[in-house]
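Structural description and commentary
These are the residues of each chain, in order.
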Amino acid sequence: MAQQEEKPKVGVFICHCGINIGGVVNVPQVVKYAQTLPNVAYAEDNIYTCSAEGIDSIKAAIKEHSLNRVVVASCTPRTHEPLFRGACVDAGVNPYLFELANIREHCSWVHMREPEKATEKAKDIVRMAIARASFLKPQEEAELPVDPTALIIGGGISGITSALCLANQGFKVYLVEREPELGGMLRKIYKLYPTDEEASKILDASINAVMSHKNINALTSTEIKNVEGYIGNFEVTALKNGEENKFKVGTVIVATGAVEFKPVGVYGYDKYDRVLTQVELEKVLQSGKSAMDRFFKPQKVAMIQCVGAREEKPPRAYCSRICCMVAVKNAMLIKEWYPESEVYIIYQDMQTYGKDYEEHHRKAREAGIKFINYTKENPPEVMPLPDKRLRVNAYHALLGEKRELDCDLVVLSTPLVQHESAKELSKILKVPLGQDEFFLEAHVKLRPVDFATDGIYVCGTAHGPKDIGESVSQAYAVSSRAASPMANRKVRAEAITAVVDKDRCVGCRMCEKLCPFGAHRIEEGKSTVIEALCKGCGVCAAACLRRAITMRHFTDDQIMAEVKTAFLTEVPKPPEAPAI
Amino acid sequence: MSEKPSVLVIGGGIAGIQASLDLGGRGFQVYLLEETPTIGGRMAQLDKTFPTMDCSICILAPKMMECYRHPNIKLLTYCELKEIKGSVGNFQVKILQKPRYVNETKCTGCGACAEHCPIEVPNEFDMGLGMRKAIYMPMPQAVPRCMTVDKENCIDCKLCIKMCRAGAVDFQQEPRDIDLNVSAIIIATGFNQYDPSEILEYGYKRHRNILTALEFERWVCASGPVGGHLVRPADGGIPKKIAFIQCVGSRGLKFGTPFCSSVCCMYATKEALIIREHAPEVQVYIFYNELRAFGKGFQEFVNRARDEWGVKYVRSRPGEIREDPNTRSLTIWYDDTLTREIKSLSDVDLVVLCPALIPRESNKKLAEIIGIELDDCGFFKVTHPLLAPVDSTIQGIYVCGYCQSPKDIPDSVTQASAAAARAAETLALAQIQRVGGS
């Protein structure tokens, strides 16, 4: 269809914002100036353009003067652009033909003591906005259908919790677990803090609920081989016993968990039988007291914290969050089974944060668990004794004393670390890992369980060390985040996306590598934009050496018109740019 | 059950905002109740956030606006909860909306009224350090963008009525009863700061160069009472030495609370970095008990503060702060627990106390109205800390954020989404049962 370009007819509405702008900038003078500018068909001032009256005035002017572009000079688009765009839509003008000139934050507020200069600057800002507006093109926001089915990768307590929560809301769930059984890390743990329950009991009930749920398809001994597509429409290839299984889902949840760091070569681990990690101790505890009695009855036990954690450099520079409470819990268990024994926790900083954990920490001290504070400069040492026992030399930094403990058991508290296979999964899903090698969320503060890529989420220890309650909280959180698009059955795609000029593209893959959202794919030697994924950030357009990429709504022509008119050089005549 | 399930969210801080956005985003009708004139809560008061040093209001304000504009979210600001009856699927809620004496639909928030209002009172939003007028907006980014008349301090001069060109000021406004029927309720009432003035050895409120952490957030914030200039509160002098004291009233049985507030080690580190950003020559000390940097990227953040920015961490719980009556500078007496010596740090220009963050006193009343339980510290109880971390003791009522237990922003946001999921799940199950049973 040949597009007949209408001549731009710009309406300009300049806001006093009470006294915020009008008290500094001479608004009527700016209106008069605007009326003299090219393409301006109408200009007026309003006490408040955002008031009901101001909005009605915009709509009336659009009708009366057949305006096809609207510029409001007022405050920030952050708060007010949607309102003014709405007014355009109501009057039959595409919302992308609206432009906001910020003459408050960018002008009157920062130049409140120089009203004349501020007025001149307001004219500049308005002139630039009008120049850009003349080049604007209508844009459409596409709607994409969303398959109300979720893929959850990882069948530990996080994956199980999320699967049940989504399935109970009526969504179909594929719960994929690599191991032959669901359960993950909880299978390896005896008792849980702070409730003192056996992990297996909690797990059995949850697994039964999963297995009997009609909306959950639990695929064990299964690995994810490939995931293609985008939010609402992912194609998954799973592999079980060499056999491929393909299915479609609308959202993907990563709940792959973490593993315990094995401190090879440290504190005699893997050299002496009586040096265990906490998870290895859990296994001993799981077998029960009588089994442990046959193994040995501990007289003196030392637990060393931060083994392989809080190191100078990444990836293990982090504190693993849970180890102090794990040590307190297991120390109390040993003390309960063997009241005569002495149990030491050799620590740097006890991470018993919050309410319940601080209480447990206090109870442990009351129960006679002994705490020895060490510093990084003076870590403890472990040496073998002739009788299988181990001598732990520790310097108690708070007392300034050396302690020599002849222990029959040394337990190393090591951090949770990422699975080896996470790198592969991060490539398949095109989502990032952080410096600590855990999956990296979209925003550490406000989007803790979203990936930057829409439709993919993360929960549990795949995201970083955390305890059961925290993992379960995240599992519920992703259930909410993933449920939104699935409940709506659709998502609205960005209108401002990248467009590739295939004639110019040489397939160098720069855009594919740089795109934070995985929106560029190379097909037949040329880049293709998956519009559902593109957020319009413009990184690709800025980086493209061939200048083959244009951003909708931020074309070179639009930006250059603004720049040229800023310096009052000649503004090219619109519209010459190809319509995008 | 109506076609569109509805949820009442109590508390307009970041947790309440996130829960509302999640539920509104999936098509539920949300009522977001906030007792102050604006949503935003504690996060809006913070200068920056750790460990990314994002400007707090800059990342929060878009979410506040999103709530305001959302077709499925109805903001009920300046409101009080009066009564809740019923059960999951059908709670009857009575709310009292206090009069703002300003018409919310007409007011554009331009501030002309406040400009001319002759009455100045301490601004609660600035922790009382700055002033506001009797007709005011708590902060520039307030949502809704609407003025409020503080009738307690208003002298009825009616200048504001005269100055308002939008005709929005209305002294005839009456308190309004709002009755709602909702299917589920989410509680997100956040926290308060323990008042450290009962710890006499520190002399908070006696010594003018001592601020609490929240006061300091406002003090250094560009939109705060001194425009973000780092100065001594006593005399506006330029500080050279600033010290933070951790665990003030927390982790102890003598004063305040037995629990750890979970965020102070990190925000003190952040505030120390803010100081160094403002004035690289200022020496910064953090007196701590145990450094708790257990979140994602936190230890790395502390390492950076210590190694790259030169923040000095001193393991100690100081015993006393003394003021030089002439200079108003402070001396901190402490036992260095690593060298076991009694030491002092003198010529300190500003001491920031990091007090226990405590559940709100009003939780008790709220718990009574709703009929749910609090724990012995005043946090809302959950039915199972591991498997049901956001389920209150009544079905259909969920809790999230700091009011459930101490936590930082991302953990509060996580729990907010979790509470939204639990509400949706419960309602879905209730509906399925209803359909199945009919």
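Everything discussed here concerns the structure shown above.
First, a word on scope: everything that follows refers to the structure included in this document. Note that the structure is a prediction, hence the values are computed from the model and not measured. (Residues numbered from 1 in each chain as written. Chains lettered and ligands numbered in written order. Predicted model: local features only at pLDDT ≥ 70, side-chain atom pairs only at ≥ 80, totals over all residues. Heavy atoms only, no water.)

**Examining the packing of aromatic side chains**
Centre-to-centre distance and the angle between the planes together describe a pair of aromatic rings. The tally for this structure, following the rule as stated, stands at 18 aromatic pairs over all chains. When the centroid spacing of 5.8 Å and the interplanar angle of 40° are considered together, the rings of Phe84(A) and Phe98(A) count as tilted. Taken as a pair, Phe84(A) in helix H3 (residues 77–90) and Phe98(A) in strand E4 (residues 98–102) lie far apart in primary sequence, 14 residues in all. Classification of Phe98(A) as buried rests on a relative accessible area of 1%. Considering the side-chain rings of Tyr318(A) and Phe438(A), the 5.5 Å spacing of their centres and the 70° angle between planes classify their relative orientation as edge-to-face. One end of the pair, Tyr318(A), is in the loop between strand E17 (300–304) and helix H10 (323–337); the other, Phe438(A), is in the loop between helix H12 (422–429) and strand E25 (456–458), and 120 residues separate them in sequence. Take Tyr318(A): its relative accessible area is 3%, and that puts it in the buried class. Accessibility expressed as a relative area gives 0% for Phe438(A), which makes it buried. Linked through ring pairs, Tyr193(A), Tyr353(A), Tyr357(A) and Phe294(B) together constitute an aromatic cluster. Its end group placed over the ring of Phe371(A), Arg365(A) keeps NZ or CZ at 4.2 Å from the ring centre. (Phe/Tyr/Trp six-rings, centres within 6.5 Å; stacked < 30°, edge-to-face > 60°. Helix = DSSP H or I, 4+ residues; strand = E, 2+ residues; numbered from the N terminus. Buried < 20%, exposed > 50% of the residue type's maximum accessible area, 1.4 Å probe, protein only. Lys NZ or Arg CZ within 6 Å of the ring centre and 35° of its normal.)

**A word on the environment of Leu60(B)**
As for its position among the elements, Leu60(B) is in helix H3 (residues 56–69). Note on Leu60(B): relative accessible area 0%, which makes it buried. Excluding its chain neighbours within four sequence positions, the residues that come into contact with Leu60(B) are Leu446(A), Ile14(B), Ile17(B), Gly40(B), Met43(B) and Ala44(B). (Contact = heavy atoms within 4.5 Å.)

**Topic: the pairing of strand E12 (residues 233–240) of chain A**
All names here are of chain A. When strand E11 (residues 222–230) meets E12, the two strands line up antiparallel, connected through eight bridges. Looking at E12, one finds that Thr-222 is bridged to Lys-240. In this structure, the hairpin formed by E11 and E12 is closed by a connection of two residues, where Gly-232 is found at a positive phi of approximately 90°. When E12 meets strand E13 (residues 243–249), the two strands line up antiparallel, connected through seven bridges. Within E13, the position partnered with Glu-235 by the bridge is Lys-248. Taking the residues that link successive antiparallel strands as the turn, the E12-E13 hairpin has two residues, and the phi of Asn-241 there is positive, at about 50°. (Pairing = 2+ DSSP bridges.)

**A few points about the nonpolar core**
Counting 164 residues, the largest nonpolar core has Leu166(A), Ile135(B), Ile186(B), Phe216(B) and Phe244(B) as its most contacted members. Here the element with the most residues in this core is helix H10 (residues 409–437) of chain B; it accounts for 10 residues. In terms of nonpolar packing, the next biggest core, distinct from the first, is built from 44 residues, Val27(A), Ala34(A), Ala73(A) and Val93(A) among them. (Core = buried A, V, L, I, M, F, W, Y, C linked by side-chain atoms within 4.5 Å.)

**What about the sheet that holds strand E6 (residues 79–87) of chain B?**
All names here are of chain B. The antiparallel open sheet is built from three strands, whose spatial order is E6-E7-E12. At either end of the open sheet lies a strand with only one pairing partner, and these are E6 and strand E12 (176–182). The sheet shows a mean angle of 15° between the axes of neighbouring strands, direction not considered. Relative to strand E7 (residues 90–97), E6 is paired through eight bridges, and the arrangement is antiparallel. In the sheet register, Leu-81 faces E7, and the bridge partner there is Ile-95. (Axes fitted to C-alpha atoms, helices over the stretch in contact; angles between N-to-C directions.)

**Brief notes about the sheet that holds strand E21 (residues 341–348) of chain B**
Residues and elements named next belong to chain B. Taken in spatial order, the three strands make up an open sheet running E19-E20-E21, and their pairing is antiparallel. On the outer flanks of this sheet lie strand E19 (320–323) and E21, each paired with one strand and no other. Taken over all neighbouring pairs, the strand axes of this sheet differ in orientation by 20° on average, direction set aside.

**A word on the environment of Gln278(A)**
All names here are of chain A. The residue Gln-278 is located in helix H8 (residues 278–286) in this model. For Gln-278, a relative accessible area of 4% translates into the label buried. Sequence-wise, Gln-278 and Val-411 are 133 residues apart; in three dimensions their C-alpha atoms are separated by 6.1 Å. Setting aside its immediate chain neighbours within four residues, Gln-278 contacts Glu-260, Met-303, Gln-305, Val-326, Ala-327, Asn-330, Val-411, Leu-412 and Ser-413.

**Concerning helix H9 (residues 363–370) of chain B**
Residue and element names in this part refer to chain B. Of all the positions in H9, only Asn-363, Leu-366, Ala-367 and Ile-370 are classed as buried. Viewed end-on, H9 has its buried residues packed into an arc of 100°, placing them on one side of the element. Tucked inside the fold, the buried residues of H9 contact strand E1 (6–10), E6, strand E13 (184–187), strand E23 (357–359) and strand E24 (397–399). Count one or two residues on from H9 and you reach Gly-371, which has phi positive near 85°. (Arc of directions from axis to C-beta.)

**Points about empty space enclosed by the protein**
This structure, assessed with the given rule, holds 12 cavities of 30 Å³ or more. There is about 120 Å³ of room inside the largest cavity. Residues of the lining of the largest cavity, tallied by class, amount to six nonpolar, five polar and three charged. (1 Å grid on protein atoms, 1.4 Å probe; cavity = no way out; pocket = protein on both sides within 12 Å on 5 of 7 lines; lining within 4 Å. Points joined across faces, edges and corners; volume = space filled by probe spheres on them. Nonpolar A, V, L, I, M, F, W, Y, C, P; charged D, E, K, R; others polar.)

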